[in-house]
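Fold and contact review
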Amino acid sequence: MTNALFDMPPEPKPSVAPAVEEPVIEGPAVAIYPLVPARSFDQPFTYVVPPELVGQLEVGTIVEVTVGRAARVGVVQALDVDAPPGVRLKPVVRIVDQPPVLPSLVRLAEWVADQYGCARTVALALVVGPRLAAQARASAVPTRRRQLAVRRLVDDLGGFDLTKRQRTIAAQVPVDWVSLAALLLAIGTTRPTLGKLAEAGMLAIEERFLDELEPIPESDDIVAIAEASIVGQGSERSLVELTAAQQAAVDQCAGGAPDDPWPDDPASLLVGITGSGKTEVYLETIARSLDEGRGAIVLVPEIALTPQTARRFLVRFPGNVEVLHSAMTKAERAAAHERIARGAARVVVGPRSAIFAPVRDLGIIVIDEEHDGSYKQDSEPRYDARRVAFRRALSEGARLVLGSATPRPESWHGIKRHVLLTERPGGGRLAPLEIVDLREHEDEYPLSVVVRDALEATLQRGRKAIVLHNRRGYAVALHCRECAHTFRCPRCDVSLVIHGRIARRQRLTCHHCGHDEQVPERCPECRSVEVARMGAGSEQIEKLLEERFPHQVFRLDADSVKTRGAVGEILDAFAAAGPSILVGTQMVAKGHDFPDVELAVVIDADMALNIPDFRAEERAFSIVSQLAGRAGRSAMTAEHARVMVQTRDPSHAFLGYAKTHDIEGFLARELQQREQFGFPPYGRFVRVVISSRLESHRDQWAQVVADGMRTLDVGRVLGPAPLMRINERDRAQVIVSTQRAAEVAAAMRRFLATSEAARRKVDVRIALDVDPQSML
């Protein structure tokens with residue numbers, strides 16, 4: 001095994017697709033990326049354009065080509081490239097009947113590959129759409145797909161003998177062809193019901209090509225709400241009257257001032273206290289973009305992408321919004337991608353992957369809750385959607401608005417245009433924050449008596465409360481009091497977490513590999529029955545609260561929302577309930593707007609600080625401040641609004657800033673500390689994780705990576721250092737602190753390509769992470 005991290009040749013020019021013995025075809029040459037997810041295909045291949053396709057190709061066209069003797073789908077990377085002399089090129093077989101990739105997205109995918117060290121074909125899978133990406137992984141050439149569709153055949157339903165329900169359903173079926181499955185979900189009916197209407201001659205149901213289908217129009221009640229709520233026309237329309245501060249924020253984010261440096265500096269950082277109306281600023285800025293004939297992308301953290309959030313965009317821009325989310329089926333994702341590519345939806349709302357949506361004439365990108373760590377992908381390609389958004393905005397001449405009540409130090413330092421919102425329009429105010437010293441209530445943990453009394457007083461006043469405990473499960477560990485045995489995962493170096501509120505049904509679960517087993521009655525080491533449940537999770541908090549406040553408690557965490565639509569159902573139930581409590585993990589702090597929430601409680605503020613990460617204090621400050629913002633958002637709750645934070649160390653610096661709502665002070669202190677150590681934004685980290693089932697193989701390859709990094713001389717190299725074992729794989733990491741992250745990524749990319757076969761033989765995996773969000 002040799003160290004190939006350095007002394008590598010420059011990036012190769014387009015390769016030549018090996019030809020078979022066929023007649024020579026004359027024509028222009030083009031560079032094409034065959035969508036093969038392997039690092040050996042990390043460059044375009046040169047093909048010849050046959051006469052029948054001359055003039056029909058452009059950058060981004062989806063084509064069929066042959067690789068070896070296999071048919072593959074490919075993306076045109078460049079036209080009229082120089083063909084290698086004396087080489088017989090393979091021809092492009094045909095143009096695939098799929099919307100072409102925008103040329104700007106082809107270039108964006110290449111940039112992602114260069115910045116984050118993944119193969120270009122892997123990055124291209126982000127922009128070609130879910131259907132092509134899946135078919136490329138399956139080594140298949142896509143075909144034009146069909147789907148059952150429905151449309152209404154008649155305009156006048158008066159001549160039909162229908163029940164009131166049937167008439168309502170028939171009226172909601174569009175006259176254009178739409179997806180049958182999507183319509184059933186949209187209007188809440190069944191296929192037999194539509195089948196009876198089709199038998200009566202009112203509807204047609206048949207298979208149609210996907211590209212012939214129109215998007216489902218927004219339901220009549222949504223459109224009616226939108227029409228009734230809009231004030232004014234054109235770029236001045238708004239669901240509510242903007243305050244002077246909001247209007248000024250729109251003007252700054254939308255640009256237009258003579259000294260505005262846009263498009264060289266497209267970014268604005270919208271810093272508004274919770275409840276200050278940042279979403280209204282987003283909506284109005286998007287409206288201006290649409291008035292100019294340009295589209296919009298809105299990124300929202302996945303756990304904050306609730307029906308309540310989506311509804312605000314659907315209401316404001318009826319019939320013009322596509323909402324993407326993880327609960328969509330593959331077919332729904334593919335259909336949504338194709339609608340966006342056709343221009344049927346000009347506003348796209350979704351999580352980080354929505355930054356690659358094929359929106360033409362992009363005018364604005366909005367990133368809500370820009371501090372959220374979920375904008376960083378944790379699997380290859382490990383891109384940061386915020387950096388990708390800046391790149392896309394810069395290349396397409398679009399605006400970029402990043403919004404947060406608690407912005408990242410990187411954003412506060414790096415973005416020069418700060419737009420501030422310091423007041424709540426609806427008469428609400430920031431609730432005062434009270435510190436509860438757990439050292440004085442140790443026997444009462446996890447719910448001190450002062451917190452219990454505050455919850456009771458809040459419910460008695462007819463108001464609501466939100467309780468945050470950022471730990472899933474019932475208890476964090478199972479421990480034997482006799483021999484000190486702790487129940488650990490057999491495949492990972494972590495303790496098993498107890499799940500389940502009923503003791504006899506409780507399970508021990510690993511949150512890393514999924515290992516699951518019954519909670520034993522006795523210790524397997526000493527046979528003692530003295531096995532204790534240690535610590536508390538959100539399930540235990542829920543149980544304790546229900547014992548005191550029966551039928552008034554709702555729980556929101558990853559375990560309670562495993563079914564499609566569960567998040568919306570829980571939030572809707574909490575909103576519709578009377579005096580009640582919402583308990584859960586960080587999901588309860590994400591952008592929810594309940595006017596009758598009066599009290600917010602953090603069960604254990606120290607938990608976030610017990611992680612060996614330079615971002616730990618930033619995250620702790622953010623989550624406390626974000627949760628505090630859920631209380632007192634309206635005039636009805638402002639008088640008694642309060643935030644209670646339990647901690648064993650009231651002297652934490654971040655708590656002082658949170659108590660006074662001093663965001664700028666916290667950021668100034670955090671930046672000063674990071675500058676001393678060269679931490680982001682004053683430097684960047686590149687993390688390489690090496691794993692193997694054999695410790696010796698892990699150590700050998702980790703040392704190769706570390707030695708290669710040191711030879712490159714691109715910054716300070718830390719490691720290799722061992723990490724905890726996950727899923728029966730020993731792990732180690734090498735961290736590079738550098739100002740030249742792109743160079744490190746390029747070197748690692750070449751190394752991973754040249755060592756792929758050798759690593760596969762010994763089952764060694766290497767993961768490259770530029771700008772990691774965690775060092776664990």
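Model, not experiment: these values are computed from the prediction. The residue numbers shown here count from 1 along each chain, following its written sequence. Owing to the predicted nature of the model, reporting of local features is limited to residues with pLDDT of at least 70; listing and counting of side-chain atom pairs is limited to 80 or more, with chain, interface and lining totals taken over all residues. Excluding hydrogens and water, the side-chain values take into account all heavy atoms of the structure.

Secondary structure assignment for the protein yields 23 helices and 31 strands. Surface accessibility of the protein: about 33,200 Å² in total, with carbon and sulfur atoms responsible for 50%. Each helix corresponds to a stretch of at least 4 residues labelled H or I by DSSP, and each strand to a stretch of at least 2 residues labelled E; elements are numbered beginning at the N terminus. Areas reported here follow the Shrake-Rupley algorithm with a probe of radius 1.4 Å; residue values treat only the protein chains shown as occluding.

On average, residues of the protein score 86 in pLDDT, and 89% of them are at 70 or above. On a scale of 0 to 100, pLDDT captures the predictor's confidence in every residue. What makes two residues a contact is simply this: any of their non-hydrogen atoms within 4.5 Å. Within the model, the stretch residues 6-12 combines pLDDT values under 50 with ten contacts to residues more than four positions away or in other chains. Low confidence marks residues 219-238, where pLDDT is under 50. Its contacts with residues over four positions away, or in another chain, come to 32 contacts.

Read from one edge of the open sheet, seven strands run E12-E13-E11-E14-E15-E10-E16, paired in parallel fashion. At either margin of the open sheet sits one strand with a lone partner, and together these are strand E12 (321-323) and strand E16 (418-421). Neighbour to neighbour, the strand axes of the sheet diverge by 15 degrees on average, direction disregarded. Two elements, strand E11 (residues 295-299) and strand E13 (residues 347-350), share four bridges in a ladder whose sense is parallel. Of the residues in E13, the one forming a bridge with Leu299 is Gly350. A fitted line through C-alpha atoms represents every axis, and for helices the fit uses only the stretch in contact; the resulting angles, taken between N-to-C directions, go from 0 to 180 degrees. Helix-sheet contacts for helix H8 (residues 244-254) involve strand E10 (267-272), strand E15 (399-404) and E16, and the interaxial angle to E16 is about 165 degrees. Here the rule is simple: two strands pair whenever DSSP picks up at least two bridges between them.

A pair is scored as a salt bridge if a Lys or Arg side-chain nitrogen falls within 4 Å of a carboxyl oxygen belonging to Asp or Glu. Applying the stated rule across the entire model yields 46 salt bridges. We note a salt bridge from Arg648 to Glu442, for which the minimum N-O separation is 3.1 Å. Residue Arg648 is found in the loop between strand E27 (642-647) and helix H19 (653-659), and its partner Glu442 is found in the loop between strand E17 (433-437) and helix H14 (449-460); the two are separated by 206 residues along the sequence. Residue burial is assigned from relative accessible area. The probe radius is 1.4 Å, only protein chains are included, and a residue is buried under 20% of its type maximum, exposed over 50%, and partly exposed in between. Here Arg648 falls in the partly exposed class, since its relative accessible area comes to 30%. One salt bridge connects Glu598 with Arg461, and the closest N-O pair in it is separated by 2.7 Å. Taken as a pair, Glu598 in strand E26 (residues 597-602) and Arg461 in the loop between H14 and strand E18 (464-468) lie far apart in primary sequence, 137 residues in all. Among the residues examined, Arg461 registers a relative accessible area of 35% and is labelled partly exposed. Because the salt bridges share partners, they merge into one network encompassing Glu410, Arg615, Glu618, Glu670 and Arg674.

What follows covers the side chain of Gln115. Secondary-structure assignment places Gln115 in helix H1 (residues 103-116). Discounting chain neighbours no more than four positions away, the residues touching Gln115 are Arg387, Arg684, Ala742, Ala745 and Val770.

On to the pairing of E13. Neither face of E13 is exposed, since Val347 and Val349 on one face and Val348 and Gly350 on the opposite face are all buried. Summarising the sheet, E12 and E13 pair through three bridges and their orientation is parallel. Its bridge partner lying in E13, Glu322 is registered against Val348. Remark: the E12/helix H11 (residues 330-342)/E13 crossover connection has right-handed handedness. Seen with the strands pointing away from the viewer, any crossover whose path from the first strand over the helix to the second strand runs clockwise is right-handed.

As for its position among the elements, Ala200 is in the loop between helix H6 (191-199) and strand E9 (203-209). On the basis of relative accessible area, Ala200 is assigned to the partly exposed category, the value being 41%. Along the primary structure Ala200 and Phe160 are separated by 40 residues, whereas in three dimensions their C-alpha atoms are 8.2 Å apart.

Further remarks concern the sheet that holds strand E29 (residues 715-726). Ordered by their spatial adjacency, four strands build an open sheet running E29-E30-E28-E31, and the pairing between neighbours is antiparallel. Unpaired on one side and paired on the other, E29 and strand E31 (765-770) mark the two borders of the sheet. Each strand of the sheet is rotated relative to its neighbour by a mean of 20 degrees, with strand direction disregarded. The sheet contact formed by E29 and strand E30 (residues 729-738) spans eight bridges and is antiparallel. Its bridge partner being in E30, Ile726 is matched across the sheet by Arg729. Strand contacts of helix H22 (residues 741-754): strand E28 (684-692), E30 and E31, with the helix running at about 160 degrees to E31, the strand carrying the most contacts.

This part is about helix H17 (residues 616-628). For a helix, the expected span equals 1.5 Å multiplied by the residue count minus one. For H17, with 13 residues, the first-to-last C-alpha span of 18 Å sits near the 18 Å given by 1.5 Å per residue. By the criterion of burial, H17 is predominantly enclosed, with twelve of the 13 residues buried. Along H17, the residues classified as buried are Ala616, Glu617, Glu618, Ala620, Phe621, Ser622, Ile623, Val624, Ser625, Gln626, Leu627 and Ala628.

In this section: the nonpolar core. Residues belong to one nonpolar core when they are buried, are Ala, Val, Leu, Ile, Met, Phe, Trp, Tyr or Cys, and are joined through side-chain atoms within 4.5 Å. Core analysis: the largest hydrophobic core is formed by 113 residues, its most contacted members being Ile690, Val705, Met748 and Ile766. Setting aside residues up to four positions removed in sequence, Ile766 forms contacts with Val688, Val689, Ile690, Trp701, Val705, Met748, Phe751, Leu752 and Arg759. Core analysis: the next-biggest nonpolar cluster, separate from the first, contains 27 residues, Val281, Val321, Val323 and Val349 among them.

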